[in-house]
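Structural features, examined
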There are 2 protein chains.
Amino acid sequence: MRIGIDLGGTNVSGGIVNKSGNIVYSHSVPTEVDRGSQQVVNNIITVIEELINKKSPSDTIEAIGIGVPGIIDSDGVVIECVNLNWKNIHLKKIVEETIGYTTYLANDATVAALAEAEFGSLKGIDTGVLITLGTGVGGGYIINGKMMTGPNGLASEIGHMVVGDNNIKCNCGRTGCLETFTSSTAIIRRAKVEIINAPYNLIELSDFHKKYYKNLNDITGEIIFKYAKENDPIASKVINDMLKYLAKGIGNLIVTIDPQVIALGGGLSRAGDYLISHLKEKVELERIFKAINPPEIVLAKLYNDAGIIGAAFIDKYVE
Amino acid sequence: MRIGIDLGGTNVSGGIVNKSGNIVYSHSVPTEVDRGSQQVVNNIITVIEELINKKSPSDTIEAIGIGVPGIIDSDGVVIECVNLNWKNIHLKKIVEETIGYTTYLANDATVAALAEAEFGSLKGIDTGVLITLGTGVGGGYIINGKMMTGPNGLASEIGHMVVGDNNIKCNCGRTGCLETFTSSTAIIRRAKVEIINAPYNLIELSDFHKKYYKNLNDITGEIIFKYAKENDPIASKVINDMLKYLAKGIGNLIVTIDPQVIALGGGLSRAGDYLISHLKEKVELERIFKAINPPEIVLAKLYNDAGIIGAAFIDKYVE
């Protein structure tokens, strides 16, 4: 059996995962970010110890892994984690010294990519990328069947690729990042601006405008996609521009990583086939040299449990 | 001994390279692009056979490699080569069947990166990128000490990364590519526009304008850098913008590849320390998360012979 831990801003969730990728026992505790990094690390250890205690005596622990929403270097140090307000926390070392087992760490988007590689949309793929479209934009690579995160853990931080000139400052420090064009945060901000600035002729045609003009703070990414699917002119414009820049980002992945498959995960990917079919049209416009086919673009298959499942299999994908 | 071939648009140049990276015998013939791909392939074979015949009887051939200015897939097929007007030429297969030796192929920028890894600025580096700044912009990766070009040979085609919105159509089909901001072609075009549109107050201050207003077609990348070094306001503006976008491209490499060292080669890199010091200032502005140091930025060390030397060592860097 394997143990996977999904370290989130709200909860530390863990599970015993069997070789088929099923979570046979799970346990979670609040992360308690505001009580500081030492408490958060204690909570992680509590969850791991609970899971170790619950295994049947005949089971051996094949691997323990933790998915972390931050940047992890090749020594297992969490260099930066904005959500947890962490800098340079030696998580791997602390956990291993306490529990006495080798522990593997990876970024949460990489972990989600590993879950897809083991059981989902990237299964059997030599070179693939998972793009997670949520409040931020993350990425995870499978390169020659292994994970690749780079010496500083920055490879696959694709949300921070510059894809245009928008003068919107990203939390990474740059402007024009993919995340500032294509995250739910970005499209919600953009939708508010489009509603506020809508010309009269569009207002008349937009149910999205009618419903949310006085309720701007109720807008979610899901709602924008819902109206875009109904061809609402304002919502469609927002999604059209989002997909244009997402396609530029995919074009950049093609000329830096050359993936055979690109899988889309994260909350916004629940827009499903609408997202995929409209995105493919935009990617066609960003094709590099017509002789070469673009990568396949598909939906991720694992959602809520990908963080635990992928973490349990990190060891299989370490180079 | 090793044999390296540098396939260029004008000449097919080859050399016998010893283990110290010295070319001990060289031979070259015209490429004859206009006589078609079969003739070009024959010329490549002629050069290889001449080199094989010149080796001393006691020497064994350790490897034969060819650097190609195009996109090569993992089977050694040249999928696209704009300069030679090639599409889907099975170069590896044809050469091997004729000469009877295993032959390694790689893109010319990758080959230059391998030469740097073996004998130059990337020696001993685990993860590094060579950026070639010439009439186009190319890239070559060293990842975990090996080359990485991707299943379709598109990884490291970094000249075609989108880094801004400029509406300039690249020969790859996209707009906003790094190459359209930072190649010598790009800065020459930009310099002409800046000279033509220069306001009166700048004209008075610009020797660059005075000298080239009536000789626009004499402008070269080297000349623009020369005037920028003298603080000419028009030339400085062109170089400043070039470096701004080159820094965005380097920022994108950081979040996709995470290199420890970035080496600059190609004709424009002859601007030397001026290029490096001004570029570093711009890269500082594109830093991702302040906790993580940017990669080292250095000049490539091998110039004219890098194509032959790198080609002779491709086999050592195949994954």
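Conventions adopted
Residues numbered from 1 in each chain as written. Chains lettered and ligands numbered in written order. Predicted model: local features only at pLDDT ≥ 70, side-chain atom pairs only at ≥ 80, totals over all residues. Heavy atoms only, no water. Helix = DSSP H or I, 4+ residues; strand = E, 2+ residues; numbered from the N terminus. Rg over C-alpha atoms; globule rule 2.2 N^0.38 Å. Buried < 20%, exposed > 50% of the residue type's maximum accessible area, 1.4 Å probe, protein only. Contact = heavy atoms within 4.5 Å. Areas by Shrake-Rupley, 256 points an atom, 1.4 Å probe, with all protein chains shown as cover. Lys, Arg positive; Asp, Glu negative; His and termini not counted. Charge placed at Lys NZ, Arg CZ, Asp CG, Glu CD. Buried area = accessible area lost by both parts, 1.4 Å probe. Salt bridge = Lys/Arg side-chain N within 4 Å of Asp/Glu carboxyl O. Polar contact = N/O pair within 3.5 Å; in protein donor to acceptor, adjacent residues only side chain to side chain. Nonpolar A, V, L, I, M, F, W, Y, C, P; charged D, E, K, R; others polar. Least-squares fit on C-alpha atoms with pLDDT ≥ 70 in both.

This paragraph deals with the overall build of chain A. For chain A, the helix and strand inventory stands at twelve helices and 13 strands. Whereas a compact globule of 319 residues would reach a radius of gyration of roughly 20 Å, chain A reaches 20 Å, a difference of no more than 12%. In terms of overall dimensions, chain A has a C-alpha envelope of 70 × 50 × 35 Å along the principal axes. Counting only residues that meet the buried cut, chain A has 58% of its 319 residues in that class. Within chain A, residue pairs in contact and separated by at least 24 positions form 62% of the contacts whose partners lie at least 6 positions apart. Carbon and sulfur atoms provide 46% of the accessible area of chain A, an area that totals close to 13000 Å². Charged side chains of chain A number 30 positive and 36 negative; the gap between the two group centres comes to 4 Å.

With 48 residues of chain B in contact, the opposing surface of chain A contributes 48 residues. Interface area for chain B against chain A, summed over the two sides, is near 4000 Å², with a carbon-plus-sulfur share of 57%. When residues of chain B are sorted by the area they lose upon contact with chain A, R174(B), D258(B) and F289(B) head the list and together hold 18% of the total. Where chain B touches chain A, the interface holds two salt bridges. The partner of E286(A) in a salt bridge is R174(B), with the nearest N and O atoms 2.7 Å apart. Where chain B meets chain A, there are 25 residue pairs in polar contact (both at pLDDT 80 or more). Of all the secondary-structure elements, those providing two or more residues to the side of chain B that touches chain A are β6 (78–81), β10 (137–143) and α9 (233–256) of chain B. Ranked by residues supplied to the side of chain B that touches chain A, first place goes to α9(B) with eight residues. Split by residue class, the side of chain B that touches chain A holds 23 nonpolar, 16 polar and nine charged.

Expressed as a screw operation, the relation of chain B to chain A combines 0.0 Å of axial shift with a rotation of 180 degrees, fitting to an RMSD of 0.0 Å. Here the copies are linked by what is in effect a two-fold axis. Across chain B, the rotation axis passes nearest the C-alpha of G164(B), at a separation of 2.1 Å.

Function cannot be read off these values alone, since they describe shape.
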